[in-house]
Amino acid sequence: MKKKDIRILLVDDEPDILEIIGYNLSAEGYDVYTAKNGTDGVAKAKKKLPHLIMLDVMMPEMDGIEACEILRRTPGMESTIITFLTARGEDYSQVAGFDAGADDYITKPIKPKVLVSKVNALLRRIKNEENAQEDITKVGDIVINREEYKIIKKGKEIILPRKEFELLALLTSKPSKVFKREVILDKVWGNEVVVGGRTIDVHIRKLREKIGEDHFKTVKGVGYKFVL
């Protein structure tokens, strides 16, 4: 999918923020729309069906948390990427955002170029989901062969035990998306055995050693995400 076909909705009650971010994302080639509060944002989202929605938390009429919850219940928007872009950086605020259904949480202030890079990373999910049914996928310099349980990074094959492979495959299926710990346990371990949260931490540590420290980010109190 070309950038000009990707719709982004910015929802913020600060006109300057909408103007600056909107300008930079439009310059990147995206189709950008704006809304000044949660109520307007929900209405415009239902009309435009954007691929990515960026929400502020504190807004008049309807805050970002409530707007996110409504959007997640809206038919046709189950797979829409939603991220918060806000000055609220407290842990509890981030947890509330993820509990409402957000895929990511970005704190302000942030340089426009850095934000554009984060948006580009988030939107790689679209391409990844289009290839979700393929046995072989490529994420950055990592090739994942699901049929042969094989990982190739920069031309070198990396041998992973089954659970490490499945954890990597899950996290790379949606780069930059934060996977909650309970989701990881369900998707990777299921009902096979009763495991604790430390099991995930140990597997993440091993993946960091084998794939690269910078690819795996911890979101305190929530879970993990894979970044390029």
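Residues numbered from 1 in each chain as written. Predicted model: local features only at pLDDT ≥ 70, side-chain atom pairs only at ≥ 80, totals over all residues. Heavy atoms only, no water.

(A) The side chain of Asp103, seen in detail. Residue position: Asp103 is located in the loop between α4 (91–99) and β5 (104–107). The exposure class of Asp103 is buried, given its relative accessible area of 2%. Here the side chain of Asp103 touches Arg72 through a polar contact of 2.8 Å, side chain to side chain. (Helix = DSSP H or I, 4+ residues; strand = E, 2+ residues; numbered from the N terminus. Buried < 20%, exposed > 50% of the residue type's maximum accessible area, 1.4 Å probe, protein only. Polar contact = N/O pair within 3.5 Å; in protein donor to acceptor, adjacent residues only side chain to side chain.)

(B) Structural detail: the nonpolar core. Grouped together as the largest cluster of nonpolar side chains are 25 residues, with contacts concentrated most on Val11, Ile53, Leu55, Cys68, Leu71 and Phe84. At the level of elements, β1 (7–11), α2 (38–48), β3 (52–55), α3 (64–72) and β4 (81–86) are the ones that each hand at least two residues to this core. Looking at which element gives the most residues to this core, the answer is α3, with five residues. Split by domain, the residues of this core number at least three in each of domain 1 (1–126) and domain 2 (159–224). In terms of nonpolar packing, the next biggest core, distinct from the first, is built from 23 residues, Ile142, Ile184, Leu207 and Phe216 among them. (Core = buried A, V, L, I, M, F, W, Y, C linked by side-chain atoms within 4.5 Å. Domains from an automatic or database assignment.)

(C) Structural detail: the pairing of strand β11 (residues 216–219). Two strands pair when backbone bridges link them, and β11 and strand β12 (residues 223–226) are joined in this way by four bridges, in the antiparallel orientation. Bridge pairing in β12 links Phe216 to Phe226. Taking the residues that link successive antiparallel strands as the turn, the β11-β12 hairpin has three residues, and the phi of Gly221 there is positive, at about 80°. (Pairing = 2+ DSSP bridges.)

(D) Expanded view of the UniProt feature "modified residue: 4-aspartylphosphate" (unreviewed entry) in the chain. Residues annotated in UniProt with the feature "modified residue: 4-aspartylphosphate" (unreviewed entry) correspond here to Asp56. Its place among the elements puts Asp56 in the loop between β3 and α3. Sequence-distant contacts of Asp56, that is, excluding residues within four places in its chain, are made with Val11, Asp12, Asp13, Gly64, Phe84, Leu85, Thr86 and Lys108. (UniProt positions renumbered as here; feature names shortened; annotations may be inferred. Contact = heavy atoms within 4.5 Å.)

(E) Just the packing of aromatic side chains, in detail. All chains considered together, the criterion is met by four aromatic pairs. Each member of the aromatic cluster is reached from another via a ring pair, and the members are Phe84, Phe98 and Tyr105. Across the ring face of Phe179, the terminal group of Lys177 is positioned such that the distance to the ring centre comes to 5.6 Å. (Phe/Tyr/Trp six-rings, centres within 6.5 Å; stacked < 30°, edge-to-face > 60°. Lys NZ or Arg CZ within 6 Å of the ring centre and 35° of its normal.)

(F) Spotlight on the packing of α2 against α3. Contact geometry for α2 and α3: axes closest at 9 Å, N-to-C directions at 20°. Between α2 and α3, the interaxial angle falls into the category roughly parallel. Between α2 and α3 lies a crossing of right-handed hand. Counting all contacts with α2, which are made through Gly38, Val42 and Ala45, the residues of α3 involved are Ala67, Ile70 and Leu71. Split by residue class, the contact of α2 with α3 holds five nonpolar, one polar and no charged. (Axes fitted to C-alpha atoms, helices over the stretch in contact; angles between N-to-C directions. Parallel < 35°, antiparallel > 145°, perpendicular 65-115°, else oblique. Left-handed = near helix turned anticlockwise from the far one by under 90°. Nonpolar A, V, L, I, M, F, W, Y, C, P; charged D, E, K, R; others polar.)

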